[in-house]
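Descriptive structure summary
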Amino acid sequence: MIDVREKEIAEFALRGALEAGAQKARVTLIKNRMDLVSTLNGQLDKCTSCMDRCIELTLFVDGRYGKFSTNKLSRESLPDFIARAVETARMLAPDSFRDLPPQERVQKNAVTGTELALVDSRYSELHPEDRKKTALEACISGKPGHELLVTEEAEFSDGIYDTIIMDSQGTFCRHTETSFEYFVEVTVKDADGNLFSAYRWDESPFLEKLDWRSCAEKAYLKAVSSINPARLRGRKCNMVVDSEVASKFVSPILRALNGTSIQQHSSFLEGKLGQKAFSEGLSIIDEPCVPGKSNTCMFDDEGVATKAHSIIENGVVREYFLTTYSAAKLGMQPTCQGAVRPRVKGWPEPGLGRDDILRICGDGILVTDFNGGNSNTATGDFSFGIEGFEFRKGQIVRPVREMVVTGNLLSLWNNLTACGSDARECMSKLIPTLAFSNVDFSG
Amino acid sequence: MILNKEYYLNRFSVTENTLEELCAEALKNGGGYSDLFFEDSFSTELMLRDSQVGSGACQQDYGCGIRVLSGEKTGYAYAETTDMPSLRAAAAAASQIADGTESNPAAVSASNRYFGKPNPGADRYPMQGDWRVARSSLFVPFLEGIEKRIRAAEPRTVKVIAVLSSSVSDILMYNSYGELKYETRPLASINLTVIFSQDGHTEQNHVSRSYRMGTEFITESLAAELAAEAVKGVDEMFAAQRPKGGKMNVVMGAGASGILLHEAMGHAFEADHIRKGQSIFSGKIGKRVCKKGITIVDDGTIHANRGAVNYDDEGVPGQKTAMVEDGILTSYLHDRISASFFGVAPTGNGRRESFRYNPIPRMRATYMESGADGSLQDLIAEAGNGIYVDQFANGEVKIGEGDFTFYVKSGFLIENGRLTMPVKDINIVGNGPRALADIKAVASDLRIDDGTWTCGKEQNVVVSCGIPSVLVSKLTVGGD
């Protein structure tokens, strides 16, 4: 956790920036600690211990703007760095749109860093031997029932992440959280020696809620289920996208709502604010401040308060993501830096899971992973390599590989069939299983 | 650039005695090998957007990573200050990996069979102008000049974003064999994004260059070259269509298509994947993997290349490593751990993003040597019908299965042995070993691409790639 001396260094840097010639300044102090234990085939493979501290300085100098960072945090070295930063900013072209956010938009209730209750009190009691024990206990190598296993590679990591933002207008925000994560990738071999791999992970601010015990088994079953894949002929059919990977079709929408993309004319959603661009089944809300939940935060990088809001409602674009800067450039009101913890709402009814959606769709292709490809933010055109399964009458019949799905995001989302309610809470975007009709696959 | 030893020792406030002491401290619980990696990096960035250079940044990053190897197991920790208490604490944390009883120095010593010592004469990236002392204002006209050239050449230009980045890193490495290596690594890069508009439609083009160079990187000829490339093929961008998909012949153009070689084959040759049994090329040394006449190398010796290394990040001298010679798989890419495991010499591929990461086998400049099957035109004629790919982007591969998918940034349909309709928004799908085996012809036009390639395997490491024009049969093209 950031200590008093480090906080004083941040204040020293802020004062120093103003004394060196900046009219306004923001200092972000970041301190992270992370420990990681890796295993390979049930044996200890790597132990890593990390501690990072850095100061980021955002300077507003004579109408100019620059962003600077250093991990040399001594009172002896900082003045030279700050002087260099101010000098660099002065060489740039003036940009009258740059400014700190107005105080009425700034978060004033994130003072201790623990307001969202994201710190596990057990974190400080964790011993290196505990980490090794957990990592080794999670392995399935050598345990019966895994005869096809070739390699099991896993990581158990934990950390504490502490951030303070302060600026020359008196802003002070702090966010502290612990995080525990388990990731495993397994490779299995079929009778002909062909390799198939799959992964599974979980993350939680609390060790007790981390599901590290079942990850390897789930990854193993997923890898085994992909043995003997078929290469199907190209077709137009239903596509169901598993919640694990469904953000592939939501992230490009969120990127296209970014103010910079709009201002640079590189967004396929330019001019769509307030319009119905998608199926009425698509509603995305942002839930940034839910206590105890991963990926939440009460403020953004400018110190602006985050709040629950609607991004897309029944297919209508309700919001662009506009920072102080991008809003000023566009002549609009600022909104937020981006979606903190976006959630796609269930449709046509809440509570549907993947199996329900497969039954609704009947026949088609279930996508469980992506392999390469591209999505063009300017046009909305996409083309992704996929892996998954063919399903008929709501039942999975065989794995497929070496297929490509192509289309345009606007037309895809206007062919939305269903949104589940099965998003995993550990994901940064809460995207459930999705289903679309008339999707082009080639193989 | 390689300066004198005292410069680097002073930079990190250490002596040879303290380095030796730290390596010993790291091995206090056992283990067979320890090393130290000191880094002092300074990077800058200038961005032109909306026709003005209105955004700048610089970053300092300083610290030391300490590693302990106990057999193939790794203990790793780092400190962001280089006072002895902080370094001792990091050494103690790294020493956790050893269990107190094991000490097997022979395991890693066995891999200590490489050539070369610090040799300023072999410096692959001497830096003439130091970015750390240069005034950023000198580079503003360079960025503005590029935009002027682009707008003058192409009236459909609506936006130009140009980002000039530079970094200079002082590096000092020491290991428990007593080997001390040091150097300064410059890196200069420029990325351009240009947005064009025609009849309400928008297209964009990306162009980049990167070299291990100082401020001598900034030249009028580079500005002219970048601007010309940025506006090349705009008509084709707007005319391009998504073609019918299916299995077909694919001709890959020389240069940037080398990224497919990097992703689909190169990663599977990295010896950590081989050691762990995850690669489809495991156990294939000495076997034929493609037709005679094909040679694939990973090269750290190209002057000023983005993937060049005087030393890798384990202090092993940079080398040119032939992975496939005349169609036969001859070598994997090794760091010290995998070299020890396989009983061979390290190949200088132990690389890392920064002092925060332990080194692992990584590529440098990966390319296929020129072949003897004629020119690009000959390959297009031989293909008959299929796709010509000018540039790939966004490739991904599954190491175990070997399956890959690559997005085609620009290309053309091949009909009756000639280039016809420009194509876009398609993917090439295949399997690495099968695609290697299905190479039918290799032209004599090898080109190394000098774009800002960064490989993201666990850590970000700068690389480059290249390839001559190549004809591959039976690849899946995903289209309508």
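Refer to the structure presented above.
None of the values given here were measured: they were computed from a predicted structure.

Here we come to the overall build of chain A. Of regular secondary structure, chain A possesses 9 helices and 16 strands. Over its C-alpha atoms chain A spans a radius of gyration of 24 Å, differing by no more than 12% from the 22 Å that the globule rule assigns to 443 residues. With the C-alpha coordinates of chain A rotated into their principal frame, the extents come out at 70 × 55 × 35 Å. As presented, chain A carries roughly 17,100 Å² of accessible surface, and 48% of it is formed by carbon and sulfur atoms. Averaging the coordinates of the 53 positive side-chain charges in chain A and doing the same for the 62 negative ones gives two points 3 Å apart.

Moving on, we get to the overall build of chain B. Along the backbone of chain B there are 12 helices and 23 strands. Since a compact globule built from 480 residues should have a radius of gyration of about 23 Å, the 24 Å found for chain B is in line with a globular shape. Each principal axis of the C-alpha atoms in chain B carries an extent, and together these give about 70 × 55 × 35 Å. Evaluated residue by residue, chain B yields a buried proportion of 63% over its 480 residues. For chain B, the proportion of contacts with a sequence separation of at least 24, taken over those separated by at least 6, is 74%. Surface summary for chain B: the accessible area is close to 16,300 Å², and the carbon and sulfur share equals 50%. Within chain B, the 60 negative side-chain charges are centred at a point lying 3 Å from the centre of the 49 positive side-chain charges.

For the rest of this paragraph, the subject is the packing of helix H2 (residues 16–26) of chain B against helix H3 (residues 84–94) of chain B. All names here are of chain B. For the pair H2 and H3, interaxial distance at closest approach is 8 Å and the crossing angle is 30°. On the basis of their axis angle, the class for H2 and H3 is roughly parallel. When you trace H2 past H3, the crossing you get is right-handed. The segment H2 lies against H3, with Thr18, Glu21, Leu22, Glu25 and Ala26 engaging Met84, Leu87, Arg88 and Ala91. In the contact of H2 with H3, the residues fall into 5 nonpolar, 1 polar and 3 charged.

Each side of the interface is counted separately: chain B has 73 residues, and chain A has 69 residues. Contact with chain A buries surface across chain B, with B:Gln60, B:Gln96 and B:Lys276 losing the most and accounting together for 10% of the total. Linking chain B with chain A are 8 salt bridges, by the criterion used here. Of the charged contacts in the structure, one is a salt bridge between A:Glu387 and B:Lys398, with a shortest N-O distance of 3.1 Å. Across the chain B-chain A interface, the total number found is 39 residue pairs in polar contact (both at pLDDT 80 or more). Ranked by residue count, the leading element in the side of chain B that touches chain A is strand S2 (residues 52–70) of chain B, at 11 residues. Along the lines of polarity and charge, the residues of the side of chain B that touches chain A split into 24 nonpolar, 27 polar and 22 charged. Across 4 bridges, strand S2 (residues 43–61) of chain A lies against strand S3 (residues 73–79) of chain B in parallel orientation. When the sheet's bridge partners are listed, A:Ser49 is paired in S3(B) with B:Ala77.

Another point: H3(B). B:Met84, B:Leu87, B:Ala90, B:Ala91, B:Ala93 and B:Ala94 are the residues of H3(B) that are buried. In this fold, the buried residues of H3(B) make contact with S2 of chain A together with H2, strand S1 (33–49), S2 and S3 of chain B.

Bringing the packing of aromatic side chains into the picture now. Residue and element names in this part refer to chain A. In this structure the tally under the stated criterion is 23 aromatic pairs over all chains. Taking the centre distance of 6.1 Å and the plane angle of 65° together, the rings of Phe249 and Phe436 count as edge-to-face. Taken together, the residues span a long stretch of sequence, with Phe249 in the loop between strand S7 (235–241) and helix H5 (251–256) and Phe436 in strand S16 (residues 434–442) at a distance of 187 residues. Ring pairing ties together the aromatic residues Phe249, Phe370, Phe382, Phe384, Trp413 and Phe436, which thus form one cluster. Sitting over the ring of Tyr325, Arg98 keeps its end group 3.4 Å from the ring centre.

In this section: the nonpolar core. A:Tyr182, B:Leu19, B:Leu36 and B:Phe38 are the most contacted members of the largest nonpolar core, which has 64 residues in total. What B:Leu36 contacts, discounting residues up to four positions off in sequence, is B:Leu19, B:Leu22, B:Cys23, B:Cys64, B:Gly65, B:Ile66, B:Leu172, B:Met173 and B:Tyr174. Counting 51 residues, the second largest nonpolar core, distinct from the first, contains B:Val250, B:Leu261, B:Cys290 and B:Leu436.

What follows is about the sheet that holds strand S9 (residues 309–313) of chain A. Strand order across the open sheet formed by 4 strands is S10-S9-S8-S11 (chain A), with antiparallel pairing between neighbours. Edge positions in the sheet fall to strand S10 (316–317) and strand S11 (342–344) of chain A, since each has one partner strand and no second.

All right, on to the environment of A:Leu232 then. Along the chain, the position of A:Leu232 falls in the loop between helix H4 (215–225) and S7. Taking C-alpha positions, A:Leu232 is 8.6 Å from A:Glu402, a pair spaced 170 residues apart along the chain.

This next bit is on a nonpolar patch on the surface. Residues and elements named next belong to chain B. Residues Phe341, Phe342 and Val344 make up a contiguous nonpolar surface patch of roughly 220 Å² in combined accessible area. Counting through the fold element by element, Phe341 comes out in helix H10 (residues 336–342). Residue Phe341 is classed as partly exposed on the basis of its relative accessible area of 38%.

A word on the pairing of strand S7 (residues 246–252) of chain B. Residue and element names in this part refer to chain B. Counting buried positions along S7 gives 5 out of 7 residues, so the element sits mostly inside the fold. Across 6 bridges, the pairing between S7 and strand S23 (residues 470–478) is antiparallel. The residue of S23 that forms the bridge with Gly246 is Val477. Strand direction decides the pairing type here: S7 and strand S14 (residues 386–397), joined by 4 bridges, are parallel. Bridging from a neighbouring strand, Val250 pairs with Ile387 of S14.

If the charged atoms of two oppositely charged side chains come close together, the side chains can form a pair. Residue and element names in this part refer to chain B. Within this structure, the stated rule accounts for 66 salt bridges over all chains. The salt bridge partner of Arg275 is Glu72, with a shortest N-O separation of 4.0 Å. Pair noted here: Arg275 is in helix H9 (residues 271–275) and Glu72 is in the loop between S2 and S3, with a separation of 203 residues, a long-range link. Arg275 sits in the buried class, given a relative accessible area of 15%.

Right, let's get into the sheet that holds strand S22 (residues 464–467) of chain B. By definition, the strands of a sheet pair up through backbone hydrogen bonds, in either a parallel or an antiparallel sense. All names here are of chain B. In space, the 6 strands of this open sheet follow the order S10-S9-S8-S13-S22-S19, with mixed pairing throughout. Looking along the sheet, the strands with just one partner apiece sit at the ends: strand S10 (328–329) and strand S19 (447–449). Here 3 bridges tie strand S13 (residues 365–368) to S22, and the two strands are oriented parallel to one another. By the bridge assignment for S22, Tyr367 is matched with Gly466. Its contacts with the sheet put helix H8 (residues 258–269) on strand S8 (296–299), strand S9 (320–325), S10, S13 and S22, and the angle it makes with S22 is roughly 110°.

Right, let's talk about the pairing of strand S4 (residues 149–167) of chain A for a bit. Residue and element names in this part refer to chain A. By the criterion of burial, S4 is predominantly enclosed, with 15 of the 19 residues buried. Here strand S1 (residues 24–40) runs beside S4; their pairing, made up of 15 bridges, is antiparallel. If you follow Ser38 over to S4, its bridge partner there is Glu155. Sheet analysis places S4 next to strand S5 (residues 172–189), joined by 17 bridges and oriented antiparallel.

Let us look at the environment of B:Ala239. With respect to the helices, strands and loops of the structure, B:Ala239 is situated in helix H7 (residues 234–239). For the pair B:Ala239 and B:Lys424, spaced 185 residues apart in the sequence, the C-alpha separation amounts to 9.3 Å.

Residues and elements named next belong to chain A. Taking 1.5 Å of rise per residue, 16 residues should cover 22 Å, and helix H1 (residues 4–19) covers 22 Å from first to last C-alpha, within 8% of that figure. Taken together, the buried positions of H1 are occupied by Glu6, Ile9, Ala10, Ala13, Leu14, Gly16 and Ala17. Looking down the long axis of H1, one finds its buried residues gathered within 165° of arc, a one-sided arrangement. Turned more than 90 degrees off the buried face of H1, the exposed positions are Val4, Arg5 and Glu19. Against the buried residues of H1 lie S1, S2, helix H2 (78–90) and S4. N-cap assignment for H1: the residue whose side-chain oxygen lies 3.1 Å from the backbone N of Arg5 is Asp3.

Rules behind the numbers
- Residues take numbers from 1 onward in each chain, read along the sequence in its written order.
- Chains carry letters and ligands carry numbers; both start at the beginning, A for chains and 1 for ligands, and go up in the order they are written.
- With the structure being a predicted model, the display of local features is reserved for residues of pLDDT at least 70 and the display and counting of side-chain atom pairs for 80 or more, all residues being used for whole-chain, interface and lining totals.
- Computation of side-chain values: all heavy atoms of the structure, hydrogens and water removed.
- Runs of H or I in DSSP of at least four residues are treated as helices and runs of E of at least two as strands, each being numbered from the N terminus.
- Values of the radius of gyration come from C-alpha atoms, whereas the globule rule sets the reference at 2.2 Å times the count of residues to the power 0.38.
- Under the convention used here, a 1.4 Å probe and the Shrake-Rupley method define accessible areas, while residue burial counts only the protein chains that appear.
- By the counting rule applied here, Lys and Arg register as positive and Asp and Glu as negative, while His and the ends of each chain are not counted.
- Here the site of a charge means NZ on Lys, CZ on Arg, CG on Asp, or CD on Glu.
- Here's how the labels work: a residue is buried when its accessible area is under 20% of the maximum for its type, exposed when over 50%, partly exposed in between, all with a 1.4 Å probe on protein chains only.
- Any pair of residues with heavy atoms lying within 4.5 Å of one another is described as a contacting pair.
- Interaxial angles span 0 to 180 degrees and are taken between N-to-C directions of axes, which are lines fitted to C-alpha atoms, for helices over the stretch in contact.
- We call two directions roughly parallel when the angle between them is under 35 degrees, roughly antiparallel when it is over 145, roughly perpendicular when it lies between 65 and 115, and oblique otherwise.
- Each crossing gets its hand from how the near helix is turned against the far one by less than a right angle, where anticlockwise is left-handed and clockwise is right-handed.
- Each residue is assigned to one class: nonpolar for Ala, Val, Leu, Ile, Met, Phe, Trp, Tyr, Cys and Pro, charged for Asp, Glu, Lys and Arg, and polar for all the others, Gly among them.
- Buried area, as used here, totals the accessible surface that two parts lose on assembly, with accessibility defined by a 1.4 Å probe and the loss added over both.
- By definition here, a salt bridge exists when the distance from a side-chain nitrogen of Lys or Arg to a carboxyl oxygen of Asp or Glu is within 4 Å.
- Polar contact is the term for a pair of N or O atoms within 3.5 Å; when the atoms are in protein, one must be able to donate a hydrogen and the other to accept it, and sequence-neighboring residues count only if both atoms are side-chain atoms.
- One bridge is not enough; two strands pair if DSSP finds at least two bridges between them.
- Aromatic rings from Phe, Tyr and Trp, with only the six-membered ring used for Trp, were paired whenever their centres fell within 6.5 Å, and each pair was classed as stacked if the ring planes differed by under 30 degrees, edge-to-face if by over 60, and tilted otherwise.
- By the criterion adopted, a ring carries a charge over it if an Arg CZ or a Lys NZ lies within 6 Å of its centre and within 35 degrees of its normal.
- Residue types Ala, Val, Leu, Ile, Met, Phe, Trp, Tyr and Cys, when buried and joined through side-chain atoms within 4.5 Å, form a set referred to as a nonpolar core.
- Residues forming no salt bridge and having over 30% relative accessible area are the ones grouped into patches, like charges within 9 Å of each other and nonpolar side chains (Val, Leu, Ile, Met, Phe, Trp, Tyr) within 5 Å.
- Multiplying 1.5 Å by the helix residue count minus one yields the expected span of that helix.
- The directions from the helix axis to the C-beta atoms form the arc being described.

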